[in-house]
Amino acid sequence: MTHKVLVTGLSGLIGSILRTELERVCEVSALNRSAVEGVPTTQADIANEDAMRPAFNGIDTVIHLAAKAGGRHPWPDLHTTNFVETYNVLKLAQESKCSRFIFASSGATVTGYETIEPYQSIVKGYYSNVSEDFVRIDHKQPVWSSGLYGSTKIWGEAISRNFADSSEMSVFCVRIGYVNRENKPQKNRDWATWCSQRDVVNALMACVTKTHPEKFTTFFVTSNNKWGYRDLTHANHTVGFTPIDAAENYRESN
């Protein structure tokens, strides 16, 4: 039986690079404001529950990538996209008996730690201030956002947990690092938080193809960065994700 996957935000950066790998093993459709060429697309405002409902017919897995990302967006935009739309997508996935939901969360859920040591020195590139055995942040440590965007992702994880607990869906909350179009580190903080396009695709595909998944899980995804402060152990234990790329490989050419 063909595995049917619905992706919100398929036309975005991560959706665009994920599409090719998804199409190798799944039947892919999109829920998008604009049409996605070559992919069956339900064009709808994701805040409009009735307009988006047909997209979920017969879907096995939902990958929810659509979001307003970063600190430049005003609260009304963040509220509509990251709160209302996330709730609507979860609700319709549950009603449609989807078996798996993958929520694109963010490392922004823990950027508050960057205001204290040793993480402050790490993201500023002051490595001489950092012990080689510094403690990395893992999924068990309290969330700590430094802004509204990260706070919306914390809420997204919380409501995802609620839907996992009240339905048959398995839910993955993937705290994705800094993925950029240049596909390489650009500034000091990137050496700690960067995630290559190949690594984010591999992590999401691991969620799609995982047999017997946990009912609910949260984990970080970055590349294998020497100065990465987010622990990747749980990602490996949960879905078998091991990063291929590393920020340090670009150090000389940056």
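Residues numbered from 1 in each chain as written. Predicted model: local features only at pLDDT ≥ 70, side-chain atom pairs only at ≥ 80, totals over all residues. Heavy atoms only, no water.

## Observations concerning the side chain of Asp199
With respect to the helices and strands, Asp199 occurs in helix H7 (residues 197–209). Of the side chains bearing the opposite charge, Arg198 lies closest to the buried Asp199, which forms no salt bridge; the N-O distance is 5.3 Å. From its side chain, Asp199 meets the backbone nitrogen of Ile244 in a polar contact 2.7 Å long. A polar contact is formed between the side chain of Asp199 and the backbone nitrogen of Asp245, at a distance of 3.2 Å. In this view, Asp199 contacts Val221, Ser223, Phe241, Pro243, Ile244 and Asp245; residues no more than four positions away in its chain are not counted. (Helix = DSSP H or I, 4+ residues; strand = E, 2+ residues; numbered from the N terminus. Buried < 20%, exposed > 50% of the residue type's maximum accessible area, 1.4 Å probe, protein only. Lys, Arg positive; Asp, Glu negative; His and termini not counted. Salt bridge = Lys/Arg side-chain N within 4 Å of Asp/Glu carboxyl O. Polar contact = N/O pair within 3.5 Å; in protein donor to acceptor, adjacent residues only side chain to side chain. Contact = heavy atoms within 4.5 Å.)

## Some details on the nonpolar core
Grouped together as the largest cluster of nonpolar side chains are 34 residues, with contacts concentrated most on Leu22, Ile63 and Val174. For this core, the secondary structure elements donating two or more residues are strand E1 (4–8), helix H1 (13–25), strand E2 (27–32), strand E5 (100–106), strand E6 (170–176), H7, strand E7 (216–221) and helix H8 (233–239). The biggest single contributor to this core is H7, with eight residues. Excluding anything up to four places from it in sequence, Val174 contacts Ile102, Phe103, Ala104, Ser105, Ser106, Leu204, Cys207, Phe219 and Val221. Residues Val89, Cys98, Phe163 and Cys173 belong to the second largest nonpolar core, which totals 24 residues. (Core = buried A, V, L, I, M, F, W, Y, C linked by side-chain atoms within 4.5 Å.)

## With respect to helix H3 (residues 75–95)
The first and last C-alpha atoms of H3 sit 29 Å apart over 21 residues, in line with the 30 Å expected at 1.5 Å per residue. Buried residues along H3 sit in contact with E1, helix H2 (49–52), strand E4 (61–64), E5 and helix H5 (148–165). One or two positions beyond H3, positive phi appears at Lys97, with a value near 65°. (Expected span 1.5 Å × (residues − 1).)

## Brief notes about the pattern of salt bridges
A full pass over the atoms with the stated rule returns 16 salt bridges. Residue Arg53 pairs with Asp50 through a salt bridge whose shortest N-O separation is 3.0 Å. Note on Arg53: relative accessible area 31%, which makes it partly exposed. Where salt bridges share partners, they join Glu49, Asp50, Arg53, Lys91 and Glu95 into one cluster.

## Quick notes on the pairing of E7
Among the six residues of E7, six are classified as buried, and the element is accordingly described as predominantly covered. Sheet topology places E6 next to E7; six bridges connect them, and they run parallel. Of the residues in E7, the one forming a bridge with Phe172 is Thr217. (Pairing = 2+ DSSP bridges.)

## Details of the packing of H3 against H5
The N-to-C vectors of H3 and H5 enclose an angle of 15°; their axes lie 10 Å apart at closest approach. Taken together, the axes of H3 and H5 are roughly parallel relative to one another. The interaxial crossing formed by H3 with H5 has right-handed handedness. For the pair formed by H3 and H5, the contact residues are Trp75, Leu78, Asn82, Phe83, Thr86, Tyr87, Leu90, Lys91 and Gln94 on the first element and Leu148, Tyr149, Thr152, Trp155, Ile159, Ser160 and Phe163 on the second. Taken together, the residues of the contact of H3 with H5 break down into ten nonpolar, five polar and one charged. (Axes fitted to C-alpha atoms, helices over the stretch in contact; angles between N-to-C directions. Parallel < 35°, antiparallel > 145°, perpendicular 65-115°, else oblique. Left-handed = near helix turned anticlockwise from the far one by under 90°. Nonpolar A, V, L, I, M, F, W, Y, C, P; charged D, E, K, R; others polar.)

## Some points on the side chain of Lys153
If you trace the backbone, Lys153 turns up in helix H5. Despite its burial, Lys153 remains without a salt bridge, the nearest opposite charge being carried by Glu157 at 8.6 Å. Not counting residues within four places of it along the chain, the set of residues in contact with Lys153 comprises Ala67, Phe103, Ala104, Ser105, Ser106 and Thr109.

## Some words on the sheet that holds E7
The strand order E3-E2-E1-E4-E5-E6-E7 describes an open sheet built from seven strands, whose pairing is parallel. Edge positions in the open sheet fall to strand E3 (41–43) and E7, since each of these has one partner strand only. In this sheet, neighbouring strand axes are inclined to one another by 20° on average, regardless of whether the strands run parallel or antiparallel. Examined bridge by bridge, E1 and E2 share five bridges and lie parallel to one another. In the strand pairing of E2, Val7 is matched with Ala30.

## Remarks on the state of the cysteines
Evaluation of the coordinates by the stated rule reveals zero disulfides. Free cysteine Cys173: the closest other cysteine sulfur is in Cys207, separated by 9.8 Å. (Disulfide = S-S within 2.5 Å.)

## Overview of the packing of aromatic side chains
Using the criterion set out here, one finds nine aromatic pairs in the structure. Between Phe83 and Trp155 the ring centres are 4.4 Å apart and the planes differ by 20°, which places this aromatic pair in the stacked class. In this pair, Phe83 sits in helix H3 while Trp155 sits in helix H5, placing the two residues 72 residues apart along the sequence. With a relative accessible area of 27%, Trp155 lands in the partly exposed category. The side chain of Arg251 reaches across the aromatic face of Trp191, ending 4.0 Å from its centre. (Phe/Tyr/Trp six-rings, centres within 6.5 Å; stacked < 30°, edge-to-face > 60°. Lys NZ or Arg CZ within 6 Å of the ring centre and 35° of its normal.)

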